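# Results of the structural survey
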Amino acid sequence: MADVTNRLFLRHLRGTPTVWVRFQKRGRDVKEGTGQSFWYRPLTAVLSEVPVDDRELPLMFHARTADFADVTVQATVTYRVADPALAAARLDFSVDPYGGQARARPLDQVATLLTELAQQPALDLLARVPLADALTVAITEVREAVAAALSDDPRLGDVGVAVVSARVVAIRPEPEMERSLQTPTREAVQQDADKATYARRALAVEQERAIAENELQNKIELARREQQLVEQKGANDRRRAELTAASELAAAQGEAEKARTLATAQADRVREVGAAEADAEAARMAIYRDLPTGVLHALAMRDLAGQLPAIGQLTVTPDLLTGTLARLADGQR
């Protein structure tokens with residue numbers, strides 16, 4: 001909508017680059033075109049505004065296929081007013097000169113015309129194909145049929161409208177039918193997923209088995225090495241015991257040999273001492289053999305006196321003295 005400002009009894013209209021404006025006064029064209037800006041008197045001015053930009057018209061309608069299945073067609077038509085002067089002459093694009101508001105809704109008429117023109121070729125085409133084809137290969141055919149019908153229809157040219165493009169967004173069946181059609185695909189996908197799951201589980205089981213076998217082999221190897229360690233430790237202990245026993249035996253033999261040597265030396269020494277003492281005793285006996293009896297008695301008394309304890313008192317009886325004197329006298333004779 002153009003921008004209309006009020007200045008006393010005059011109005012000023014300022015258009016936009018995408019709006020075609022026509023200013024008529026007393027049945028004559030004063031100004032027309034896009035991007036117009038002018039002053040006018042609202043009592044005598046007739047204004048028309050026609051948008052010339054591209055517009056999108058979304059379409060949604062129902063159709064029936066050859067196998068009596070209901071489908072919904074979603075499409076989009078892009079159009080523009082190619083001849084705004086013709087459109088302003090055929091449709092009511094007039095605006096209020098006082099406020100600039102549109103007096104009618106001509107674009108709704110254009111949308112209705114485009115919807116009817118687009119539906120007819122789509123309905124005719126879908127009625128000749130089954131549902132499966134309508135959902136797959138028929139989308140392109142429907143788009144081409146709609147585009148051809150809109151570009152060739154003279155009624156659009158009569159109102160100055162040109163179709164830029166026509167697109168079929170989707171053709172969808174009823175929800176129950178769509179779920180039924182999707183069931184085989186879902187089952188196939190589920191089967192593939194199950195196969196992948198089973199394969200993954202089988203691979204996991206195989207890997208677990210390999211891991212278990214590896215762990216078992218490791219345990220066997222560890223047990224074997226532990227056995228070798230025990231055997232080696234036993235051999236080491238046995239060898240250590242043998243070496244200890246041999247060392248102790250050698251030490252005992254050394255001690256025995258030392259004791260035997262010492263005993264032999266001691267025996268030899270004792271023997272030599274005994275022999276010396278025997279020789280000395282023999283010599284002493286030889287000396288004693290030649291001595292008189294009295295001397296021998298005196299020596300015996302001396303030795304006896306040396307072995308006796310200390311005598312504090314000595315009592316000499318007559319009997320003892322008589323016998324002793326008698327022996328001394330016998331010794332002198």
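This text follows the structure it describes.
Attention in this report is confined to the structure presented alongside it. All of these numbers come straight from a predicted model, not from anything done at the bench.

### Quick word on the sheet that holds strand 3 (residues 19-25)
- Ordered by their spatial adjacency, four strands build an open sheet running 4-3-6-9, and the pairing between neighbours is antiparallel. Taken across any chain shown, the strands that pair with only one partner, and hence form the sheet edges, are strand 4 (28-34) and strand 9 (94-95).
- Strand direction decides the pairing type here: strand 3 and strand 6 (residues 45-51), joined by seven bridges, are antiparallel. When the sheet's bridge partners are listed, Arg22 is paired in strand 6 with Ser48.

### With respect to the pairing of strand 1 (residues 3-7)
- Strand direction decides the pairing type here: strand 1 and strand 2 (residues 10-14), joined by five bridges, are antiparallel. Considered in strand 2, the bridge of Asp3 is made with Arg14.
- In textbook terms, the turn of a hairpin is the stretch between consecutive antiparallel strands, and for strand 1 and strand 2 this stretch comprises two residues, one of which, Leu8, has a positive phi near 55°.

### A look at the packing of helix 2 (residues 106-126) against helix 4 (residues 138-152)
- Interaxial distance between helix 2 and helix 4 falls to 9 Å at its minimum, and their mutual angle equals 140°. The pairing of helix 2 with helix 4 is recorded here as oblique in orientation. Helix 2 and helix 4 meet at a crossing whose hand is right-handed. Where helix 2 approaches helix 4, its residues Leu114, Leu117, Ala118, Pro121, Ala122, Leu125 and Leu126 are matched on the opposing element by Ala138, Glu141, Val142, Ala145, Val146, Ala149 and Leu150.
- A class-by-class count of the residues in the contact of helix 2 with helix 4 yields 13 nonpolar, no polar and one charged.

### Points about the side chain of Asp153
- Checked against the element boundaries, Asp153 lands in the loop between helix 4 and helix 5 (154-158).
- Given a relative accessible area of 16%, Asp153 falls into the buried group.
- At 2.9 Å, the side chain of Asp153 and the backbone nitrogen of Arg155 are in polar contact.

### Let's talk about the packing of aromatic side chains
- Going through the model one piece at a time under the given rule, you end up with three aromatic pairs.
- Ring centres of Phe23 and Phe38 lie 5.0 Å apart, and the angle between their planes is 10°; on these two criteria the pair is classed as stacked. Placement of the pair is Phe23 in strand 3 and Phe38 in strand 5 (residues 37-40), with a sequence separation of 15 residues. As far as the burial class goes, Phe23 and Phe38 line up, both buried.
- By the ring-pair criterion, three or more aromatic residues cluster together here, those being Phe23, Phe38 and Tyr40.

### Topic: the sheet that holds strand 7 (residues 55-64)
- The three strands lie next to each other as 7-8-10, forming an open sheet whose pairing is antiparallel. In this open sheet, the two edge strands, each paired with only one partner strand, are strand 7 and strand 10 (161-173). Mean inter-strand twist for the sheet, computed between neighbouring axes without regard to direction, equals 20°.
- Where strand 8 (residues 70-81) and strand 10 come together, 11 bridges link them in antiparallel fashion. Along strand 10, the bridge assignment pairs Val71 with Pro173.
- Packing of helix 2 onto the sheet brings it into contact with strand 7, strand 8 and strand 10, and relative to strand 7 it is tilted by some 40°.

### Observations regarding a negative patch on the surface
- A surface patch of negative charge is lined by Asp67, Asp133, Glu141 and Glu144.
- Position of Asp67 relative to the elements: it lies in the loop between strand 7 and strand 8.

### Topic: the nonpolar core
- Residues Leu114, Leu126, Val142 and Leu150 are the most contacted members of the largest nonpolar core, which totals 39 residues.
- Within the residue set of this core, elements represented by two or more residues are strand 7, strand 8, helix 1 (84-90), helix 2, helix 3 (131-135), helix 4 and strand 10.
- Sequence-distant contacts of Leu126, that is, excluding residues within four places in its chain, are made with Ala63, Arg64, Thr65, Ala66, Val71, Val73, Ala134, Ala138, Val142 and Ile171.
- Of all hydrophobic cores here, the second largest spans 11 residues; its members include Ala2, Leu13, Val19 and Phe38.

### Considerations on unusual backbone geometry
- Here the phi dihedral of Arg26 falls at roughly 55°; this positive angle occurs in a residue that is not glycine.
- Looking at the secondary structure, you find Arg26 in the loop between strand 3 and strand 4.
- Of note in the backbone geometry, Phe68 takes a positive phi value of approximately 60° without being a glycine.
- Relative to the assigned elements, Phe68 resides in the loop between strand 7 and strand 8.
- Owing to a relative accessible area of 67%, Phe68 belongs among the exposed residues under this scheme.

Here is what the cut-offs are and how they apply
Residues numbered from 1 in each chain as written. Predicted model: local features only at pLDDT ≥ 70, side-chain atom pairs only at ≥ 80, totals over all residues. Heavy atoms only, no water. Pairing = 2+ DSSP bridges. Helix = DSSP H or I, 4+ residues; strand = E, 2+ residues; numbered from the N terminus. Axes fitted to C-alpha atoms, helices over the stretch in contact; angles between N-to-C directions. Parallel < 35°, antiparallel > 145°, perpendicular 65-115°, else oblique. Left-handed = near helix turned anticlockwise from the far one by under 90°. Contact = heavy atoms within 4.5 Å. Nonpolar A, V, L, I, M, F, W, Y, C, P; charged D, E, K, R; others polar. Buried < 20%, exposed > 50% of the residue type's maximum accessible area, 1.4 Å probe, protein only. Polar contact = N/O pair within 3.5 Å; in protein donor to acceptor, adjacent residues only side chain to side chain. Phe/Tyr/Trp six-rings, centres within 6.5 Å; stacked < 30°, edge-to-face > 60°. Patch = residues over 30% accessible without salt bridge, like charges linked within 9 Å, V, L, I, M, F, W, Y side chains within 5 Å. Areas by Shrake-Rupley, 256 points an atom, 1.4 Å probe, with all protein chains shown as cover. Salt bridge = Lys/Arg side-chain N within 4 Å of Asp/Glu carboxyl O. Lys, Arg positive; Asp, Glu negative; His and termini not counted. Charge placed at Lys NZ, Arg CZ, Asp CG, Glu CD. Core = buried A, V, L, I, M, F, W, Y, C linked by side-chain atoms within 4.5 Å.

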